[in-house]
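A look at the structure
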Amino acid sequence: MLLLEPRYLREDGQLPAYEWSFSDSNPPVHAAAVWQLYVRDRNRTGTPDRSFLERAFLALLFNYGWWVNRRDVDAHDIFSGGFLGLDNISAVDRSHLPEGAQIWEVDATAWVGMFAVKMFRIAAELAINEPQYEDMALRFFKHFAHIASALNGREDEPGLWDRQEGFYYDRLRLADGRSETLKVHSLVGLMPLAASEVGHRHT
């Protein structure tokens, strides 16, 4: 994972986006890629490369911190970020909103949920031989549960799930406190399906 090397990972944990705007936000898919590389290599060679997994995990910790601190500005476990997703799958141009407005994004939240659950999976794998990773695995799982709860709705916040229509929708939040659900059927509302993981019991 070339981008996880120190020369590409900024001090604050941000990874470059693309050549015309390094500071923009691309989906945080690196943990999923690291896990896939690890599993495929283990299946091919029969030997798990835990050294690779641990090095990548420690680099991913910085990027995870950047996402949580920069993109969840209100600490609601709902994320925003402008350019996110698969070639701007939102019907709304999120980079040009009214002043003070913000969109609570289904896909951005789902991407970070996927990030959290993949970090849980990696930490759980490392904990098999190194028990000090157990606490980290539990922290990532807890954060994933908070994100899922925020997406689906809590007592104090309705979330982004529409129970009547059975679909996830972005929500526009205006500077004066008003909010409006953006009821557009698009791939945005399907992205929470990516935030899942199958766990295996180790004995």
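Here is a short report on the structure shown in this document. This one's a predicted model, so the numbers in the text were calculated from it and none came from an experiment.

Observations regarding the overall build of the protein chain
From N to C terminus, the protein chain includes four helices and five strands. When the elements of the protein chain are put in sequence order from the N terminus, they spell out α-α-β-α-α-β-β-β-β. A total of 203 residues make up the protein chain; the buried ones form 45% of that total.

As for the nonpolar core
Val34, Phe57, Leu60, Met119 and Ile122 are the most contacted members of the largest nonpolar core, which has 39 residues in total. Sorting the residues of this core by element identifies helix 1 (30–45), helix 2 (50–71), helix 3 (106–127) and helix 4 (134–152) as the ones contributing at least two each. Take this core: its biggest share by element is 13 residues, from helix 3. The residues touching Ile122, leaving out its near neighbours within four places in the chain, are Ala31, Val34, Trp35, Leu53, Phe57 and Leu60. Listed in part, the eight residues of the second largest apolar core include Trp104, Val106, Leu160 and Val188.

Thoughts on the side chain of Arg171
By the secondary structure assignment, Arg171 is in strand 4 (residues 170–173). Within polar-contact distance, the side chain of Arg171 engages the backbone oxygen of Gly159 at 2.6 Å.

Things to note about the environment of Glu180
Tracing the backbone shows Glu180 in strand 5 (residues 179–182). A relative accessible area of 53% means that Glu180 is categorised as exposed. As a C-alpha pair, Glu180 and Ile103 span 77 residues in sequence and 9.5 Å in three-dimensional space. Once residues lying within four places of it in the same chain are set aside, the contact partners of Glu180 are Asp170, Arg171 and Leu172.

Details of helix 3
Relative to the 32 Å expected for 22 residues at 1.5 Å per residue, helix 3 spans 31 Å between its end C-alpha atoms, a close match to the ideal helical length. Where burial is concerned, most of helix 3 is hidden: 20 out of the 22 residues are buried.

Considerations on the pairing of strand 4
As judged from the three bridges shared by strand 1 (residues 102–104) and strand 4, these two strands associate in the antiparallel manner. Bridged to Trp104 within strand 4 is Arg171. Taken together, the four bridges between strand 4 and strand 5 define a ladder with antiparallel strand orientation. Following the sheet pairing, Asp170 is matched in strand 5 by Leu182.

Looking at helix 4
Between the first and last C-alpha of helix 4 there are 27 Å, a value that for 19 residues agrees with the 27 Å anticipated at 1.5 Å per step. Those residues of helix 4 that sit buried are Ala137, Phe140, His143, Phe144, Ile147, Ala150 and Leu151. Buried residues of helix 4, seen end-on, are gathered within an arc of 150° and therefore sit on one face of the element. Those residues of helix 4 that are exposed and angled more than 90 degrees off the buried face are Asp135, Leu138, Arg139 and Lys142.

Conventions we followed
Residues numbered from 1 in each chain as written. Predicted model: local features only at pLDDT ≥ 70, side-chain atom pairs only at ≥ 80, totals over all residues. Heavy atoms only, no water. Helix = DSSP H or I, 4+ residues; strand = E, 2+ residues; numbered from the N terminus. Buried < 20%, exposed > 50% of the residue type's maximum accessible area, 1.4 Å probe, protein only. Core = buried A, V, L, I, M, F, W, Y, C linked by side-chain atoms within 4.5 Å. Contact = heavy atoms within 4.5 Å. Polar contact = N/O pair within 3.5 Å; in protein donor to acceptor, adjacent residues only side chain to side chain. Expected span 1.5 Å × (residues − 1). Pairing = 2+ DSSP bridges. Arc of directions from axis to C-beta.

Geometric descriptors of this kind do not, in isolation, establish any biological role.
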